[in-house]
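Coordinate analysis (summary)
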Amino acid sequence: MSHQLDQFLKRAEALLARVEAIVPPAAAAPDWLASTAFRWRKRGHTGFLQPVPRPAKIAFDDLQHIGRQKAQIEQNTRQFVEGKPANNVLLTGARGTGKSSLIKACLAAFAPQGLRLIEVDKADLHDLPDIMDLVAGRPERFVVFCDDLSFEEGESGYKALKVALDGSVSAVIDNVLIYATSNRRHLMPERMSDNATYTHDDDGDLHPGETVEEKISLSERFGLWLSFYPFKQDDYLGIVAHWLAAFGCSVPQIADARAEALQWALQRGSRSGRVAWQFARDYAGRLK
């Protein structure tokens, strides 16, 4: 009998070892005092929150010509850190217009009130339940940041994000919001063939088909939509002037930079805020 028991225990231990090799361990709690910003990282099958040693220092005042979007996300984030109802936010539109920078500015402004940022890559969105478990019950307020987000049909992160935005059988965690940026308004590719799924009723009303409804359903789960548009020439030059001043250039130097700034934008094919910042760095660096 003793021999049989020993054999059984050995087989049980061997089975447990195989299960442990397959099932990843629970994510370890990070050092919450190490930073105000974290990145979700993977090592093998195990995920963990990695503190960001030097979070970006971007002020709201550094972001020019997006006043309406800035006011809306600032108000939403203020409500959130004060424990009031607030919405998940989707920022969409032209590249280089300040979508990601606006989220970083929220962290810089509200970190003293307990705001924390967790950056998650699209490929790791299926780990959102693990991230939620780590932060549930914490006194801080967390924004999960998904940058440059878009999906193709069948990607696993799509459903994970839908569940995180709306909750499943469990309630939505009240100290977490999701802020995402994308160049696609509906986060999914939109094709001409989708138009064929629309139907008309007897009154002539147009109704989207199932394919279109599915593509719209994810973006509609974000309570606040912020749209960004390409800058006009004067707006672009205003942003250039702001950054040149920030880099220590004088008023005459800023005026002299105008023609070069326009040529720089023409070469890049864009008058975005990012292009303005890159020109200002180049121009100011050559003057020093």
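Residues numbered from 1 in each chain as written. Predicted model: local features only at pLDDT ≥ 70, side-chain atom pairs only at ≥ 80, totals over all residues. Heavy atoms only, no water.

1. Remarks on the packing of helix α7 (residues 233-246) against helix α10 (residues 273-287)
At a closest axis distance of 8 Å, the pairing of α7 and α10 adopts a crossing angle of 40°. The angle between α7 and α10 places the two elements in the oblique class. Regarding α7 and α10, the two cross each other, and that crossing is right-handed. Of the residues in α10, those touching α7 at Y236, I239, V240, W243 and L244 are G273, V275, A276, W277, F279, A280, Y283 and A284. (Axes fitted to C-alpha atoms, helices over the stretch in contact; angles between N-to-C directions. Helix = DSSP H or I, 4+ residues; strand = E, 2+ residues; numbered from the N terminus. Parallel < 35°, antiparallel > 145°, perpendicular 65-115°, else oblique. Left-handed = near helix turned anticlockwise from the far one by under 90°. Contact = heavy atoms within 4.5 Å.)

2. Brief notes about the nonpolar core
With 45 residues, the main nonpolar core has I73, L91, L102, Y236 and L244 as its most contacted residues. Among the nonpolar cores identified, the runner-up in size contains 27 residues, and W32, F38, Y158 and F222 belong to it. (Core = buried A, V, L, I, M, F, W, Y, C linked by side-chain atoms within 4.5 Å. Buried < 20%, exposed > 50% of the residue type's maximum accessible area, 1.4 Å probe, protein only.)

3. A word on the layout of surface pockets
The volume enclosed by the largest pocket comes to roughly 590 Å³. Taken together, 25 residues line the largest pocket, and the ones lying closest to its centre are G96, G98, S101, G273 and R274. The set of elements that each furnish at least two residues to the lining of the largest pocket consists of α3 (99-110), β6 (176-182), α7 and α10. Here the residues of the lining of the largest pocket are counted per class, giving seven nonpolar, ten polar and eight charged. (1 Å grid on protein atoms, 1.4 Å probe; cavity = no way out; pocket = protein on both sides within 12 Å on 5 of 7 lines; lining within 4 Å. Points joined across faces, edges and corners; volume = space filled by probe spheres on them. Nonpolar A, V, L, I, M, F, W, Y, C, P; charged D, E, K, R; others polar.)

4. Examining the sheet that holds β6
By way of backbone hydrogen bonds, the strands of a sheet pair with one another, either parallel or antiparallel. What the seven strands build is an open sheet, ordered β2-β1-β4-β5-β6-β3-β9; its pairing is mixed. What marks the edges here is a single partner per strand, and that holds for β2 (46-51) and β9 (224-228). Each strand of the sheet is rotated relative to its neighbour by a mean of 25°, with strand direction disregarded. Across the sheet, helix α2 (residues 67-81) lies against β3 (89-93), β4 (115-119), β5 (141-146), β6 and β9, angled at about 155° from β9, the strand it touches most. Sitting on the sheet, helix α4 (residues 128-135) is in contact with β1 (37-43), β2, β4, β5 and β6, with an inclination near 130° to β1. (Pairing = 2+ DSSP bridges.)

5. A short note on the environment of L226
The residue L226 is located in strand β9 in this model. Taking the relative accessible area as the measure of exposure, L226 reaches 0% and is therefore buried. Residues within four places of L226 in sequence aside, it is in contact with Q69, Q72, I73, V89, L90, L91 and T92.

6. Points about the pattern of salt bridges
In this structure the tally under the stated criterion is seven salt bridges. Between K42 and D127 there is a salt bridge; the shortest N-O distance is 2.9 Å. In this pair, K42 sits in strand β1 while D127 sits in the loop between β4 and α4, placing the two residues 85 residues apart along the sequence. Looking at D127, the relative accessible area reads 7%, which means it is buried. When salt bridges with common partners are traced through the structure, they connect E260, D282 and R286 into a single cluster. (Salt bridge = Lys/Arg side-chain N within 4 Å of Asp/Glu carboxyl O.)

7. Observations concerning the side chain of Q69
Turning to its location among the elements, Q69 is positioned in helix α2. Since its relative accessible area comes to 6%, Q69 is described here as buried.

8. Describing the confidence of the model for the protein chain
For the protein chain, mean pLDDT is 83; residues scoring 70 or higher make up 76% of the total. Low pLDDT (under 50) marks residues 192-196, which in the prediction has four contacts with non-local residues, meaning those over four places away or in another chain. Scored below 50 in pLDDT, residues 206-212 makes 17 contacts in the model with residues more than four places away or belonging to other chains. (pLDDT = per-residue confidence, 0-100.)

9. A look at the packing of α2 against α3
If you want to describe how two helices pack, look at the angle between their axes and the distance between the axes. Where α2 contacts α3, the axes come no closer than 10 Å and their chain directions differ by 45°. Here α3 runs oblique to α2, going by the angle between their axes. Here α2 and α3 pass one another in a crossing that is right-handed. Taking contact as the criterion, the partners of Q69, K70, I73, E74, T77, R78 and V81 in α2 are, on α3, L102, I103, C106 and F110. For the contact of α2 with α3, the per-class residue count stands at six nonpolar, two polar and three charged.

10. Some thoughts on the pairing of β4
For β4, a buried count of four out of five residues is recorded, marking the element as mostly surrounded by other parts of the structure. Pairing analysis gives three bridges linking β1 to β4, with the strands arranged parallel. From the neighbouring strand, F38 faces β4, where its bridge partner is I118. Summarising the sheet, β4 and β5 pair through five bridges and their orientation is parallel. The residue of β5 that forms the bridge with L115 is R141. Once the chain exits β4 it traverses α4 before rejoining the sheet at β5, and the crossover so formed is right-handed. (Right-handed = clockwise from strand over helix to strand, strands pointing away.)

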